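Structure assessment
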Amino acid sequence: MTAPRGPIEEQEWPAELAAHVVTPGARPRVHGYDVEGELAAGGSVTEMALLALTGELPARAALEAVDVALQFAAAVSVAEAPVHAAVLGRLSGANTGSVVSIAAIGLAEQARDALEALGDWPFALATHSNATPPDAALARDDDERAAVDRLRTLVEVTGLSVPALSRGVGRSAAITAVLVAARVRTPEALVALLVMSRLPAAVAEASCVKAGDFRSYPMNTPVFEYEARR
Amino acid sequence: MTDEARGHVIKTHVARAGWDEHEYRGYRVFGELAGATSMSGLLAVAVGGLRLSPDDERMLDDLAVCMAVAEPRIWPLKLTRLVASYGGTMAGFSAGCGIVDGTLVGAWTSVAAAQALRALSDDVGDRIDDDDHVSACAAALVTRTRRLIGFGVPFRPRDERVAALGRCIEARGRSGCRHWRLLSALAAAATRLKALEVNVGAAAAAVMLDLGFSPHDVAPMVFLINANLFLSNATEGAAQREPILRELPASLVRYVGRPPRPVCRPAT
């Protein structure tokens, strides 16, 4: 019996899936570099991430500066929605994959939202490192200014030039500026690095919660007030 | 609780849980909705706060059925299968939800189409029965819109779902509804001026607007009535746990990236 045909059968399609970054198989290469034979010796996860996302091995200064910036980014607390959501996932008995997925989705949304708030500025930095930051990129208070001062001090030690760190920007904009200076220049790449750096803390916080221990969770925080409206 | 937290109250119009009764979008769940509202009707309450008539609910059912193309090779559904191949139905379903959160594929295309229909409705004003005027307004909208979302049918001459939906609408005596009429005019103009056929995204938008949903509510409604497409694939995919989906054999993957090169770490 002949299977019925439809529009999918009537078209010509490639038979193979294209791999652009990693060679499939037992001895993977990333953008042409042998992972197990060469990269892993003396490399780091940050180096691998930058290679994957930019297509090239980072210069030492860029690698060290990104390591610093991602450590500044990594410390997300349970006060922040992605971690809070992961905690609720764990509390509600979600399986391991789901807890991590919940955290990852929340972190990706958090990073995307923060990046969108900066408008075109991060991408303007790629060609004009002195591009004027928008108001949304500026530090909101002295604590944030102090954090960016600490970041600038550490990044200066690496030798990577990031003029934007002296423009009064806030923490999120400063971290983004360092990543852009290290040639991370697409929204997906920026968000991926931020998620990568923050995911461990978010999952670790969720792992501290006992599944089913609903009484320990502040259910009425914050307060919701229902108003019937038809 | 701090004063700051105590003073911050989030207003919600969605729901409140009580002891013997619950409220949902302004309705008593047991007292008003139970026994009187279908699943489609409940979705309308959930998203738009709309209480549909039984005939409106059946129209929504017709739309859901006409959109039911669950072919697992279609991109969002294949994605669902890929993630579900590790055995997690809801993981596959959740991943599938992610792919439709854009303006190229999925429910959000209907929002843009709904906005276009609303704009056309504004242009037409109270002259909906003036066919020449409606055609002229539709042609003007098609001409000034660079990318007409909800139009264009890949890989086949026309969208069979629109035709099936049209038959349902005819059978229910709803072909005279304002937005469906406007869609017909817009479809004719798009075919004439840009050789574009209307797809089910725009058709769904027209039906939703005629049911009383706002353009913003169209996307979640379309997603909800299409959720069965993802769940059917997630359920079967999780049960099958297909090894070939978890990892394609080497013969089906072609590396097109950089050639092998030695590691030479930049010094500065």
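Attention in this report is confined to the structure presented alongside it. Every chain's residues receive numbers from 1 upward, in the order its sequence appears when written. Whichever chain is written first becomes A and whichever ligand is written first becomes 1, with later ones labelled in order. Only residues with pLDDT of 70 or above have their local features reported here, since the model is predicted, and side-chain atom pairs are shown and tallied only from 80 upward, although totals for entire chains, interfaces and linings are computed over all residues. Only heavy atoms go into the side-chain values, all of them from the structure, while hydrogens and water stay out.

**Notes on the sheet that holds strand β3 (residues 22-24) of chain B**
Residues and elements named next belong to chain B.
- When DSSP finds two or more bridges between two strands, those strands count as paired. Strands here are runs of E lasting at least two residues and helices are runs of H or I lasting at least four, both read from the DSSP assignment and numbered beginning at the N terminus. Pairing is antiparallel across the open sheet formed by 3 strands, whose spatial order is β2-β3-β4. The open sheet has two edge strands with one neighbour each: β2 (15-17) and β4 (27-28).
- Where β3 meets β4, 2 bridges bridge the pair, whose relative direction is antiparallel. What sits directly across from Y24, in β4, is Y27.

**With respect to the interface of chain A and chain B**
- Any two residues whose heavy atoms approach within 4.5 Å at even a single point are treated as in contact. Contact with chain A, which involves 43 residues of that partner, is made by 39 residues of chain B.
- Carbon and sulfur atoms supply 55% of the area that chain A and chain B bury against each other, a total of about 3,800 Å² over both sides.
- By salt bridge we mean one thing: a side-chain nitrogen of Lys or Arg within 4 Å of a carboxyl oxygen of Asp or Glu. The tally of links between chain A and chain B comes to 8 salt bridges.
- Here E56 of chain A and R258 of chain B are joined by a salt bridge, their closest N and O atoms 2.8 Å apart.
- Identification of polar contacts relies on pairs of N or O atoms within 3.5 Å, with a donor-acceptor requirement for protein atoms, meaning one able to donate a hydrogen and the other able to accept it, and with residues adjacent in sequence counted only if both atoms are side-chain atoms. At the junction of chain A with chain B, the criterion picks out 27 residue pairs in polar contact (both at pLDDT 80 or more).
- Mapped onto the side of chain A that touches chain B, the elements with two or more residues apiece are α1 (7-10), β1 (17-19), α2 (35-39), α4 (60-74) and β4 (223-226) of chain A. Note on definitions: buried area is the accessible-area loss of two parts on being combined, 1.4 Å probe, summed for both.

**Here's the deal with the pattern of salt bridges**
- Going through the model one piece at a time under the given rule, you end up with 29 salt bridges over all chains.
- Across the pair K11 of chain B and E225 of chain A runs a salt bridge, and its minimum N-O distance is 2.4 Å. With K11 of chain B in strand β1 (residues 9-12) and E225 of chain A in strand β4, this residue pair bridges two chains.
- Overlapping salt bridges bring together D55, D56, D62, R172 and R174 of chain B as one network.

In short, geometric facts, not functional conclusions.
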